[in-house]
Amino acid sequence: MSSVTTNKMTNWRWVMCAMLFFATTVNYMDRQVLSLTWKDFISPEFHWNDEIYGNITAVFSILYAIANLFAGKFVDWMGTKKGYFWAITVWSLGAVLHAGCGWFTMQVEGLDSVAALRAVQAGSTVAVAIATVSMYAFLACRCILALGEAGNFPAAIKVTAEYFPKKDRAFATSIFNSGASVGALAAPATIPLLAKAWGWEMAFIIIGALGFIWAGVWLFVYDKPAQSKFVNEAELNYVNQDDENEKAANVEVEEKQMSYLEAFSHRQTWSFAFGKFMTDGVWWFFLFWAPAYFSDQYGYSSDSSMGIALIFTLYAIVTVLSMFGGYLPKLFVEKKGMNPYQGRMLAMLIFAFFPVLALFAQPLGQYSVWWPAIIIGLVGAGHQAWSANIFSTTGDMFPKSAVATITGIGSMAGGVGSFLINKISGNLFTYAEAQGSAFTFMGFEGKPAGYMIIFCVCAVAYLIGWSVMKLLVPKYKPVVIK
């Protein structure tokens, strides 16, 4: 039991939320290093094209998806403290190892310098060999990164379920989930400059090292609420108010583990998984391709002042607006008297309309590059607000002992969706660019037509996801482990 005994309620739960925020920030910065360096720093060395980069992001996504299936169960089995520690340690190791890919490629190809890599004639047999070897080297590092990063959200959602009552979970989730936006915001302001000053390798090493620092702090500050010396009885009672209400209503509070077989027998699991499948890929598409989009379509490289300003503005919009995503269902619950699931689904329907704006990014981009930056920022804000709420539906429906498992299953589905959109995008952009004016869509030709196709997919994904979720789980129905 807590050793803090003052009558005034402590607020250690918000310290935990801050830790989740910083972990998620580091998570997304590690993920962004490649997207911000491949086009202008890595590609000239290794002779990559869009298809190679699309393959790397696609494989990362599918392995991340597979790892998520087991990461949630791992966190439930290992416990939040050890599970989270190992997750961030592994992904930080994977991030740092990227820095060795150039050295590995030179050793395999018998070249003695970066200048020798760059000097190889484009399209030659040697260039193809360099591209292939480097691709597999990066894939190996991305696999380690994906394995560790898969543990972030299952662990973070489990911590949220442990430290917050249901009515506060979406708000807490929106705060820590905004770390994704802040990470994506900090990345363009730091990574291209690090790569330009000290080489792209140092960008991977410096950003990757942040995770090791977080892991050390985590071991010191985390314990379950009932065991934490920083949580007093008043805060513990606040955190556990749902358990008390359910006991008062004669609802059994389960602590048993849920098997995968049982998990997949519930419509609630399929609802969460389908929502993630339809929408996670949209966020990952913009995360992985936005820097290349501004470089390809408008000529602003990721290390140019304009390129940095565009990406920074995009994620500044995401960061500021997405913070309200968790507050809206709280407002519906407290002011309108809705149950948490009902309020959350209504909020998600509202946010599902934000991505429709993606339809206007390409057309308005003909007038100013700032229009696509602003529109993609609004789409991203809608996604992050949606994401905070869809994650919280697991805590609404499932007992705490199963939250990480269900989150892992849903994140796996989201990874599959991301694999598909990144793989298709890489192949589509390479094909569209090669076809030139022979490839058209909605008035656009070549690669711009390819981007327009993907933007259309992104625009309708959330409304489709919400409709199927509502069909599967039309009203609040908590799951009890058998």
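Just above, that's the structure.
Residues numbered from 1 in each chain as written. Predicted model: local features only at pLDDT ≥ 70, side-chain atom pairs only at ≥ 80, totals over all residues. Heavy atoms only, no water.

**A look at the overall build of the protein chain**
- Of the regular secondary structure elements, the protein chain holds 20 helices and two strands.
- Relative to the globule expectation of 23 Å for 482 residues, the C-alpha radius of gyration of the protein chain, 23 Å, shows essentially globular dimensions.
- Put simply, the protein chain has 482 residues, and 58% of those count as buried.
- Sequence separation of 24 or more characterises 85% of the internal contacts of the protein chain that already satisfy a separation of 6 or more.
- Total accessible area computed for the protein chain in this model is approximately 18300 Å², and 68% of it derives from carbon and sulfur atoms.
- Each charge sign in the protein chain was given a centre, from 31 positive and 30 negative side chains, and these centres are 8 Å apart. (Helix = DSSP H or I, 4+ residues; strand = E, 2+ residues; numbered from the N terminus. Rg over C-alpha atoms; globule rule 2.2 N^0.38 Å. Buried < 20%, exposed > 50% of the residue type's maximum accessible area, 1.4 Å probe, protein only. Contact = heavy atoms within 4.5 Å. Areas by Shrake-Rupley, 256 points an atom, 1.4 Å probe, with all protein chains shown as cover. Lys, Arg positive; Asp, Glu negative; His and termini not counted. Charge placed at Lys NZ, Arg CZ, Asp CG, Glu CD.)

**What about the packing of helix α1 (residues 12-46) against helix α9 (residues 200-221)?**
- With their axes 9 Å apart at the nearest point, α1 and α9 run at an angle of 165° to one another. Compared by their axis directions, α1 and α9 come out roughly antiparallel. Every pair of crossing elements has a handedness; the one defined by α1 and α9 is left-handed.
- Of the residues assigned to the contact of α1 with α9, the class counts are 21 nonpolar, three polar and two charged. (Axes fitted to C-alpha atoms, helices over the stretch in contact; angles between N-to-C directions. Parallel < 35°, antiparallel > 145°, perpendicular 65-115°, else oblique. Left-handed = near helix turned anticlockwise from the far one by under 90°. Nonpolar A, V, L, I, M, F, W, Y, C, P; charged D, E, K, R; others polar.)

**Comments concerning α9**
- Over its 22 residues, α9 runs 33 Å from end to end, which matches the ideal 32 Å to within 8%, given 1.5 Å per residue.
- Packing partners of the buried residues in α9 comprise α1, α3 (80-97), α4 (101-109), α6 (125-149), α7 (152-163) and α8 (166-198). (Expected span 1.5 Å × (residues − 1).)

**Things to note about the nonpolar core**
- If you look at the biggest cluster of nonpolar residues, it comprises 143 residues, and the most contacted ones within it are Trp 48, Phe 138 and Phe 285.
- Of all the elements, α1 adds the most residues to this core, at 17 residues. (Core = buried A, V, L, I, M, F, W, Y, C linked by side-chain atoms within 4.5 Å.)

**Some points on unusual backbone geometry**
- Here the phi dihedral of His 47 falls at roughly 60°; this positive angle occurs in a residue that is not glycine.
- Positive phi is not limited to glycine here, since Met 442 has a value of about 50°.
- Within the fold, Met 442 resides in the loop between β1 (440-441) and β2 (444-445).

**Some words on the packing of aromatic side chains**
- Throughout the structure, instances matching the rule amount to 48 aromatic pairs.
- Their ring planes at 70° and their centres at 4.9 Å tell us that Trp 14 and Phe 164 sit as a pair that is edge-to-face. With Trp 14 in helix α1 and Phe 164 in the loop between α7 and α8, this pair connects stretches of sequence that are 150 residues apart.
- Given a relative accessible area of 29%, Trp 14 falls into the partly exposed group.
- Aromatic pair Phe 294 and Tyr 298: ring centres 6.3 Å apart, planes at 40°, arrangement tilted. One end of the pair, Phe 294, and the other, Tyr 298, are both in helix α13 (residues 267-298), four residues apart, so they sit about a helical turn from each other.
- Given the relative accessible area of 1%, Phe 294 is considered buried.
- Residue class for Tyr 298 comes out partly exposed when judged on its relative accessible area of 22%.
- Arg 31 extends its terminal NZ or CZ atom over the ring of Tyr 28, reaching a point 4.5 Å from the ring centre.
- One Lys or Arg, Arg 142, reaches over the ring of Phe 60 and ends 4.9 Å from the middle of that ring. (Phe/Tyr/Trp six-rings, centres within 6.5 Å; stacked < 30°, edge-to-face > 60°. Lys NZ or Arg CZ within 6 Å of the ring centre and 35° of its normal.)

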